[in-house]
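# Descriptive analysis of the structure
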Amino acid sequence: MSELHTDHAHGEHAHDDHAGLSKKKIWQVFFILLGITVVEFIIALWAIPGQHMSQSVGNYVYIALTLYKAFYIVAYFMHLKFEKIGLQVTVSIVFIFILYFIVLMLIEGGYLHLHMPLV
């Protein structure tokens, strides 16, 4: 019986370490994500069409906000913030490469229009 009790205690301890999110923190992350989404909608529906922000600046701001939202989703709802440092570093390196490729695509995306003659 004591074996079952100690196993149950260890299982409970491991669950408490990995849980990490209280209702307050979940709502806090929700409102941060909601705020970022509202800002994205304002950029897409008011700032760019109303010429308050140029399309290229709007694209960069929109991409930055989307990546920030992705960080919050991965960190809190996919529990990466509560994982071991090795996994965090691995995912962060992959994230940096993805960000690098996004920047490359944005830079090279206009290349054909600038350097190829119209047919």
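Check the entry above for the structure.
In this report, the structure presented in the accompanying data block is examined.

Thresholds, definitions, all that
- Residues numbered from 1 in each chain as written.
- Predicted model: local features only at pLDDT ≥ 70, side-chain atom pairs only at ≥ 80, totals over all residues.
- Heavy atoms only, no water.
- Helix = DSSP H or I, 4+ residues; strand = E, 2+ residues; numbered from the N terminus.
- Buried < 20%, exposed > 50% of the residue type's maximum accessible area, 1.4 Å probe, protein only.
- Contact = heavy atoms within 4.5 Å.
- Expected span 1.5 Å × (residues − 1).
- Phe/Tyr/Trp six-rings, centres within 6.5 Å; stacked < 30°, edge-to-face > 60°.

## Focus on the environment of Ala75
- On the secondary structure map, Ala75 appears in helix H3 (residues 55-77).
- Overall, the relative accessible area of 7% leaves Ala75 in the buried class.
- C-alpha of Ala75 to C-alpha of Gln88: the two residues are 13 residues apart in sequence and 9.3 Å apart in space.
- With residues up to four places along the chain from it excluded, the contact list for Ala75 reads Leu80, Lys81 and Phe82.

## Remarks on unusual backbone geometry
- With phi around 60 degrees, Gln51 is a residue other than glycine that occupies positive phi space.
- Position of Gln51 among the secondary structure elements: in the loop between helix H2 (23-47) and H3.

## Concerning H2
- The end-to-end C-alpha distance of H2 is 34 Å, a good match for the 36 Å that 25 residues give at a rise of 1.5 Å each.
- All of the buried residues along H2 are Val29, Leu33, Ile36, Glu40, Ile43 and Ala47.
- Taken together, the buried residues of H2 touch H3.

## Let's talk about the packing of aromatic side chains
- Under the definition given, this model contains seven aromatic pairs.
- Plain terms: the ring middles of Tyr72 and Tyr76 are 5.6 Å apart, the flat faces sit at 20 degrees to each other, and that makes the pair stacked. Of this pair, Tyr72 and Tyr76 are both found in helix H3, four residues apart, which corresponds to roughly one turn of the helix. Each member of the pair Tyr72 and Tyr76 is classed as buried.
- Pairwise contacts between aromatic rings join Tyr68, Phe71, Tyr72 and Tyr76 into one cluster.

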